[in-house]
Amino acid sequence: MKQKSDEALCPALTEENYRRYLAGLLTGDRATCSSIVDGLLEMERPIRELYDGVFRRSLYEVGELWERGRITVADEHLATAMTESMISRVYPVLFKAPHVGRSAVVSCVANEYHQIGGKMVADTFELNGWDSYYLGANTPAGELIELVKKKSPDVVALSAAVYFGLDPLMNALDALKTSVPDVTVWVGGQAFRWGGTDQLAAFPGVSLVESLAEMESRLAAWDCTDG
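Residues numbered from 1 in each chain as written. Predicted model: local features only at pLDDT ≥ 70, side-chain atom pairs only at ≥ 80, totals over all residues. Heavy atoms only, no water.

The next thing to look at is the pairing of strand E1 (residues 103-108). Judged by how many residues are buried, E1 sits mostly within the fold: six of six residues are covered. Where E1 lies against strand E2 (residues 131-134), four bridges are found, and the strand directions are parallel. Its bridge partner being in E2, Val106 is matched across the sheet by Tyr134. As a crossover connection, the stretch from E1 through helix H7 (residues 116-127) into E2 is right-handed. Here five bridges tie E1 to strand E3 (residues 155-159), and the two strands are oriented parallel to one another. Bridge pairing in E3 links Val106 to Ala157. (Buried < 20%, exposed > 50% of the residue type's maximum accessible area, 1.4 Å probe, protein only. Helix = DSSP H or I, 4+ residues; strand = E, 2+ residues; numbered from the N terminus. Pairing = 2+ DSSP bridges. Right-handed = clockwise from strand over helix to strand, strands pointing away.)

In structure tokens, the structure reads:
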């Protein structure tokens, strides 16, 4: 079922080409990965489909391979660096959206060094006309709170890629909601595939966003729901 779902998300990307992309990601074959990404851009596929159906899917699979001991840390780092390179190819398209007067602060929490998920979230805000302030990996809660107070964003989005990053995430939520209790917070990332959602109930105004597709639906409905 998952294979069909992914292909339905991005029908221009066949399973064969996705596997070629994943193999290229793991071996550092930039030419193959670039060719597939550029081909989808030339077809004018929605950017979210590329992010969800190619980048996010492949990074999740890379993470699972690493957790099972099928690839090394070096392999995982190579795939991460390659993905960052592929994302940069999207930027000429990404920042054409008209701005809507909304803003978001996007960050990975302390001790979270996997930053691409947060980067894709920040890009998705920009794609939908929001101004995003992306803090990147390993951001201490105090510095996150300082920027939130300075920028007064409509949304704070926090990313956790690995399960042991959930405790720092909950600590950051506690500090953030204590200091800025009315701020709307969205959380997400691969870490929540193994649990942790029940802990979010302790924080009013905090909700889980499971995919970029769900995020875009929320942004489209923002003016009607007021967040």
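The next point concerns the sheet that holds E2. Remark on secondary structure: sheet strands pair via backbone hydrogen bonds, oriented parallel or antiparallel. Read across the open sheet, the five strands follow the order E2-E1-E3-E4-E5; overall the sheet is parallel. If you trace the sheet from one side to the other, it starts and ends with E2 and strand E5 (206-208), each paired once. Across the sheet, the mean angle from the axis of one strand to that of its neighbour is 25 degrees, orientation sign disregarded. (Axes fitted to C-alpha atoms, helices over the stretch in contact; angles between N-to-C directions.)

With that settled, consider the pattern of salt bridges. Applying the stated rule across the entire model yields eight salt bridges. Taking the shortest distance from any N to any O, the salt bridge between Glu216 and Arg48 comes out at 3.7 Å. Here the residue Glu216 occupies a position in helix H10 (residues 212-220), and Arg48 occupies one in helix H4 (residues 47-67), the gap between them amounting to 168 residues. Judged by relative accessible area, which is 19%, Glu216 ranks as buried. Several salt bridges converge on common partners, so that one network encompasses Glu15, Arg19, Arg57 and Glu61. (Salt bridge = Lys/Arg side-chain N within 4 Å of Asp/Glu carboxyl O.)

This part takes up the packing of aromatic side chains. All told, the structure shown has six aromatic pairs when counted by the stated rule. With centroids separated by 6.0 Å and ring planes inclined at 65 degrees, the aromatic side chains of Trp186 and Trp222 adopt a geometry described as edge-to-face. Of this pair, Trp186 sits in strand E4 (residues 184-188) while Trp222 sits in helix H11 (residues 222-225), placing them 36 residues apart in sequence. Accessibility classification places Trp186 together with Trp222 in one group, the buried group. Members of the aromatic cluster, connected to one another through ring pairs, are Phe125, Trp130, Trp186 and Trp222. Sitting over the ring of Tyr60, Arg56 keeps its end group 5.2 Å from the ring centre. The ring of Tyr18 has Arg57 lying over it, and the distance from NZ or CZ to the ring centre is 3.7 Å. (Phe/Tyr/Trp six-rings, centres within 6.5 Å; stacked < 30°, edge-to-face > 60°. Lys NZ or Arg CZ within 6 Å of the ring centre and 35° of its normal.)

To continue, consider the nonpolar core. If you look at the biggest cluster of nonpolar residues, it comprises 40 residues, and the most contacted ones within it are Tyr21, Tyr51, Phe55, Phe125, Trp186 and Met215. At the level of secondary structure, the elements contributing two or more residues to this core comprise helix H2 (15-27), helix H3 (30-42), H4, helix H5 (73-88), E1, H7, E3 and H10. Looking at which element gives the most residues to this core, the answer is H4, with eight residues. Beyond its immediate sequence surroundings of up to four residues, Tyr51 is in contact with Arg56, Ile87, Val90, Tyr91, Leu94, Met120, Asp123, Thr124 and Leu212. Grouped together as the second largest cluster of nonpolar side chains are 24 residues, Leu144, Leu147, Val156 and Leu169 included. (Core = buried A, V, L, I, M, F, W, Y, C linked by side-chain atoms within 4.5 Å. Contact = heavy atoms within 4.5 Å.)

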